[in-house]
Amino acid sequence: MAQFNYLNELNTLATIDGPLTRGPLQRWVKKSNNENINPSSNSSKNMSNINVSACSQSMQKLSVSGNISCNNSLLSINKTPTRNENKKGKKTPSKNKSPGRSTTPTPNKLAKTPNKADRFIPSRSNSNFDLCHYMLNREEEDEIVAQTVTGEALGRALADTEPGRLLQYTCKAPAAPEGYQNRLRVVYSQAKVPSTVKNTTRYIPQAPDRILDAPEIVDDYYLNLIDWSASNILAVALNNTVYLWNASTGQIEQLLTLEGSETVCSVAWVQGASSHLAVGTSSAVVELWDCEKIKRLRIMDGHTGRVSSLSWNLYVVSSGARDGNIVHHDVRERQHAVATVNAHTHEVCSLKWSPDGKYIASGGNDNLLNIWPAAQGQHYSQPQYIHQFSQHLAAVKGLAWCPWSAGILASGGGTADRTIRIWNVNTGANLNTVDTKSQVCSIVWSTHYKELVSAHGYAQNQLVLWKYPMLSRVAELCGHEARVLHLALSPDGTTVLSASADETLRLWKCFMLDPSKKKEPTDSKAAKSLLNMNSIIR
Amino acid sequence: MSQQVKNSITLRGSAQIVCEYLKFAINSVLFQRGLYPPETFKAEQQYGITLLLSEDAQIKNFLTNLLTQSEEWIVNKKVSKLSLIIVNVANKEVLECWDFNVQYEDGDAELSKEMKETVGSKDLKKIQQEIRDVMLQVAATISYLPFLDCRCSFDVLVHAKTNCDIPEKWAEAEPVAIANAQNVQLKTFSTSLHKMETVVSYKLVD
């Protein structure tokens with residue numbers, strides 16, 4: 001009932017020409033009240049049944065007629081119809097009828113306060129009846145407006161399709177040939193693809209030599225999060241931290257932790273046995289660290305997006321970023337950005353200088369592979385590419401230069417492409433192409449054998465060894481439970497490290513040398529570097 | 001005469017760009033979704049990337065007829081949408097629908113007045129770059145679209161205006177619906193006379 005009070009008040013306030021319900025009673029009303037006291041007294045019971053609070057006056061007025069038995073019906077006919085209709089509709093009939101059939105007298109409605117609970121609405125105090133009722137009724141007024149709005153929307157929706165005629169060309173294209181199976185199955189299914197693994201005389205262990213934990217490694221295809229230095233230190237970026245793992249002693253050191261929500265997007269060691277590490281971050285800068293002293297040497301800006309790829313050429317570190325640019329930083333100079341190349345329209349996800357420093361290859365998320373020649377007498381590239389290879393149908397992430405044959409480059413594409421292509425950048429020829437049937441995340445060439453190894457994603461998350469130049473499969477190394485994102489080759493060339501989204505690093509001794517053929521010089525060099533490393537790290 | 005330096009795109013030229021895009025987009029979908037054997041496709045350089053076109057004579061023929069007619073309609077502003085539908089051959093169920101919405105734009109008002117016909121002044125390079133971005137997205141869709149594990153065929157439905165005449169060999173079609181559809185809107189491109197919106201709807205399987 002309380003909920004109606006509010007509305008009634010509102011209504012009465014709004015209707016200026018309606019009967020006055022507030023203020024002192026008008027004279028004629030007072031008069032009639034007085035007259036009616038006596039006749040109505042005999043039916044005071046009836047009166048009490050009616051909600052007096054709000055409409056006392058009208059009832060009193062009615063009582064002039066002296067016909068109290070039809071009080072309610074008259075009320076509804078003569079006076080402010082809306083209000084009374086509400087009452088009639090909403091109020092339980094008990095008010096009128098209950099006295100009649102009251103074998104079990106229903107509780108008096110008037111006595112019930114709105115705050116008390118009943119069987120149907122446990123707590124009335126919680127529901128704002130005044131407001132609800134008001135809103136419900138007000139809706140009617142807004143309906144016209146709403147109707148036009150919905151009408152318009154409907155009209156628009158209809159206009160999209162309604163005036164249209166749906167036409168088709170009757171000479172249909174044929175369906176796929178009978179018995180054809182969607183080749184994309186390899187992308188979607190875990191079923192093992194039969195592969196022609198060529199037998200080799202060499203023994204290749206099928207299980208990893210070691211498994212390291214890499215918690216929180218960012219599962220992002222476009223980043224380059226591991227690098228193995230010539231002095232046998234592995235740099236691994238896990239989320240916002242860079243760790244150094246000494247491969248010879250197994251010691252782990254924390255190099256840096258970025259603040260806030262910044263993450264490390266790429267790491268790259270300088271060439272040679274020096275201990276400088278370039279770190280590309282999500283805040284679009286390249287940091288240069290001295291890993292011997294665990295000290296940051298400088299911060300180099302120049303990008304507007306995260307730095308997802310890095311490559312060194314002597315004292316120049318080239319960085320590729322999400323903004324599609326490659327910036328060449330001369331780390332010796334105060335004005336470090338010696339050249340900026342607008343290389344790709346999307347993120348530069350891989351960047352590699354050739355071993356002889358003549359070319360830099362960049363792979364982008366725009367499916368392009370660009371080859372840039374080094375500027376005359378400089379260690380940074382020219383702003384114009386000499387080759388642009390657009391044969392890949394997905395982002396070009398895997399990139400590696402052949403260590404023994406100048407100008408030979410291997411590149412691998414993402415999920416929509418799944419191929420490894422071999423290029424001769426001197427001539428621009430695509431020497432060979434192989435469909436790997438899985439996303440190619442990374443490629444590394446062996447230094448001991450004429451082979452390369454590629455890392456793959458769904459479905460098998462394996463590493464595949466390929467014989468160059470035929471690109472026949474030598475071996476498959478399975479074990480990772482999620483896609484293998486990055487690869488790195490140990491400085492002695494025997495071990496491949498794979499970093500996977502399953503948060504493990506696995507070491508595969510797949511390029512072990514035959515003990516009888518072991519070359520002395522490499523061995524001693526490696527040993528020397530190990531000794532160096534111990535002194536440096538500790 | 002000095003104004004001639006500003007490049008202009010005529011209505012006809014713009015419609016050609018749109019239809020060329022449709023050709024490559026439809027072929028890309030056919031290839032990327034694995035509807036037809038990959039060996040029946042040939043690589044071609046377009047928009048600075050490699051795209052694949054079907055070599056199948058019947059498919060080529062179908063697309064040529066469809067697109068020449070569509071170009072005519074687009075010039076006359078009769079078409080609002082083209083839908084490429086992928087249908088399961090076995091039970092005729094529509095599995096996927098690629099909607100190409102055509103919106104008509106005003107182009108360059110000043111230049112149009114000068115040339116006495118509706119022209120746009122958008123740089124062709126810019127348009128091609130926008131188209132390339134869409135094509136890259138089309139290729140990337142295979143990472144989330146469900147695998148089409150059945151023999152499929154495709155069809156293209158043209159949503160035309162009512163006052164559009166039905167040419168020979170064309171017929172009215174029934175509207176299609178995909179049960180439990182999921183929509184993904186790809187990037188749009190505009191020639192400044194036509195705006196092309198690409199939306200893929202696919203059946204969500206859980």
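Residues numbered from 1 in each chain as written. Chains lettered and ligands numbered in written order. Predicted model: local features only at pLDDT ≥ 70, side-chain atom pairs only at ≥ 80, totals over all residues. Heavy atoms only, no water.

1. Quick look at the overall build of chain B
Inference 1: The number of helices and strands found in chain B is four helices and ten strands.
Inference 2: Along its sequence from the N terminus, chain B presents helices and strands in the succession β-α-β-β-α-β-β-α-β-α-β-β-β-β.
Inference 3: Taken over 206 residues, chain B has a buried fraction of 52%.
Inference 4: Counting contacts in chain B only where the partners sit at least 6 residues apart, residues at least 24 apart contribute 72% of the total.
Inference 5: When the accessible surface of chain B is summed, it comes to about 9,500 Å², and 49% of that surface belongs to carbon and sulfur atoms. (Helix = DSSP H or I, 4+ residues; strand = E, 2+ residues; numbered from the N terminus. Buried < 20%, exposed > 50% of the residue type's maximum accessible area, 1.4 Å probe, protein only. Contact = heavy atoms within 4.5 Å. Areas by Shrake-Rupley, 256 points an atom, 1.4 Å probe, with all protein chains shown as cover.)

2. Quick look at the sheet that holds strand S8 (residues 276–281) of chain A
Residues and elements named next belong to chain A.
Inference 1: Pairing is antiparallel across the open sheet formed by four strands, whose spatial order is S7-S8-S9-S10. Unpaired on one side and paired on the other, strand S7 (264–269) and strand S10 (295–300) mark the two borders of the sheet. Going across the sheet, the axis of each strand differs from the next one's by a mean of 25°, ignoring polarity.
Inference 2: Inspection of the sheet shows strand S9 (residues 286–290) paired to S10 by five bridges, in the antiparallel sense. Within the sheet, the bridge partner assigned to Asp290 lies in S10 and is Lys295. (Pairing = 2+ DSSP bridges. Axes fitted to C-alpha atoms, helices over the stretch in contact; angles between N-to-C directions.)

3. What about helix H1 (residues 11–32) of chain B?
Residues and elements named next belong to chain B.
Inference 1: End to end, H1 covers 31 Å across 22 residues, agreeing with the expected 32 Å (1.5 Å per residue, within 8%).
Inference 2: Within H1, 17 of the 22 residues are buried, leaving the element largely enclosed by the surrounding structure.
Inference 3: Note on H1: the residue one or two positions beyond its end, Gly34, has a positive phi of about 70°. (Expected span 1.5 Å × (residues − 1).)

4. Things to note about the sheet that holds strand S24 (residues 451–456) of chain A
All names here are of chain A.
Inference 1: Pairing is antiparallel across the open sheet formed by four strands, whose spatial order is S23-S24-S25-S26. Across the chains shown, the open sheet's two edge strands, defined by having one partner strand only, are strand S23 (440–445) and strand S26 (472–477). In this sheet, neighbouring strand axes are inclined to one another by 25° on average, regardless of whether the strands run parallel or antiparallel.
Inference 2: In the sheet, S24 pairs with strand S25 (residues 463–467) via five bridges, with the strands oriented antiparallel. Note that in S25 the partner of Ala455 across the bridge is Leu463.

5. Remarks on the confidence of the model for chain A
All names here are of chain A.
Inference 1: Averaged over chain A, the pLDDT score is 76; the fraction of residues at 70 or greater is 63%.
Inference 2: This stretch, residues 39–114, has a pLDDT under 50; its non-local contacts, to residues over four places away or in other chains, come to 79 contacts.
Inference 3: Between residues 533–538, whose pLDDT stays under 50, and residues either more than four places distant or in other chains, the model counts 13 contacts. (pLDDT = per-residue confidence, 0-100.)

6. Brief notes about the packing of H1 of chain B against helix H4 (residues 124–140) of chain B
Relative orientation and spacing of two packed helices are given, respectively, by the angle between their axes and the distance between those axes.
Residues and elements named next belong to chain B.
Inference 1: Between H1 and H4, the least distance of the axes is 10 Å, while the angle of their chain directions is 20°. Relative to H4, the element H1 lies roughly parallel. In this structure, H1 crosses over H4, and the sense of that crossing is right-handed. The residues of H4 that touch H1, namely those facing Ile17, Tyr21, Phe24, Ala25, Ser28, Val29 and Gln32, are Leu124, Ile127, Ile131, Val134, Met135, Val138 and Ala139.
Inference 2: Classifying every residue of the contact of H1 with H4 gives twelve nonpolar, two polar and no charged. (Parallel < 35°, antiparallel > 145°, perpendicular 65-115°, else oblique. Left-handed = near helix turned anticlockwise from the far one by under 90°. Nonpolar A, V, L, I, M, F, W, Y, C, P; charged D, E, K, R; others polar.)

7. Some points on unusual backbone geometry
All names here are of chain A.
Inference 1: Residue Ala459 follows Tyr458 across a cis peptide bond; omega there is 10°.
Inference 2: Tyr468 connects to Pro469 through a cis peptide bond whose omega is 5°.
Inference 3: If you trace the backbone, Pro469 turns up in the loop between S25 and S26.
Inference 4: For Glu503, which is not a glycine, the phi torsion comes out positive at approximately 65°.
Inference 5: Tracing the sequence through the fold places Glu503 in the loop between strand S28 (496–500) and strand S29 (504–508).

8. Points about the interface of chain B and chain A
Inference 1: Between chain B and chain A, the contact holds 56 residues from the first and 36 residues from the second.
Inference 2: A buried area of about 4,100 Å², summed over both sides, lies between chain B and chain A, and 56% of it is on carbon and sulfur atoms.
Inference 3: For the interface between chain B and chain A, the tally reads zero salt bridges.
Inference 4: Linking chain B with chain A are seven residue pairs in polar contact (both at pLDDT 80 or more).
Inference 5: For the side of chain B that touches chain A, the secondary structure elements donating two or more residues are H1, strand S3 (49–54), helix H2 (57–75), H4, strand S7 (152–160) and strand S8 (170–172) of chain B.
Inference 6: Considering each element in turn, the side of chain B that touches chain A owes the most residues, nine residues, to S7 of chain B.
Inference 7: Partitioning the side of chain B that touches chain A into residue classes produces 30 nonpolar, twelve polar and 14 charged. (Buried area = accessible area lost by both parts, 1.4 Å probe. Salt bridge = Lys/Arg side-chain N within 4 Å of Asp/Glu carboxyl O. Polar contact = N/O pair within 3.5 Å; in protein donor to acceptor, adjacent residues only side chain to side chain.)

9. Observations concerning the packing of H1 of chain B against H2 of chain B
Residues and elements named next belong to chain B.
Inference 1: Direction vectors running N to C along H1 and H2 enclose 150°, while the axes themselves pass 9 Å from each other. Judged by the twist between their axes, the crossing of H1 over H2 is right-handed. Residue-level inspection shows Leu11, Arg12, Ala15, Gln16, Val18, Cys19, Leu22, Lys23, Ile26, Asn27 and Leu30 of H1 in contact with H2, the latter providing Ile59, Leu63, Leu66, Leu67, Ser70, Glu71, Glu72, Ile74 and Val75.
Inference 2: Each residue belonging to the contact of H1 with H2 can be placed in one class, and the counts come to 13 nonpolar, three polar and four charged.

10. Examining the pattern of salt bridges
Residue and element names in this part refer to chain A.
Inference 1: Summed over all chains, the structure comprises 19 salt bridges over all chains.
Inference 2: A salt bridge links Glu287 to Arg296; the nearest nitrogen and oxygen atoms lie 3.5 Å apart.
Inference 3: Asp290 serves as the salt-bridge partner of Lys293, at 3.7 Å between the closest nitrogen and oxygen.
Inference 4: Asp290 gets classed as buried once you look at its relative accessible area, which sits at 7%.
Inference 5: One continuous salt-bridge network, built from bridges that share partners, spans Asp220, Arg306, Arg322 and Glu347.

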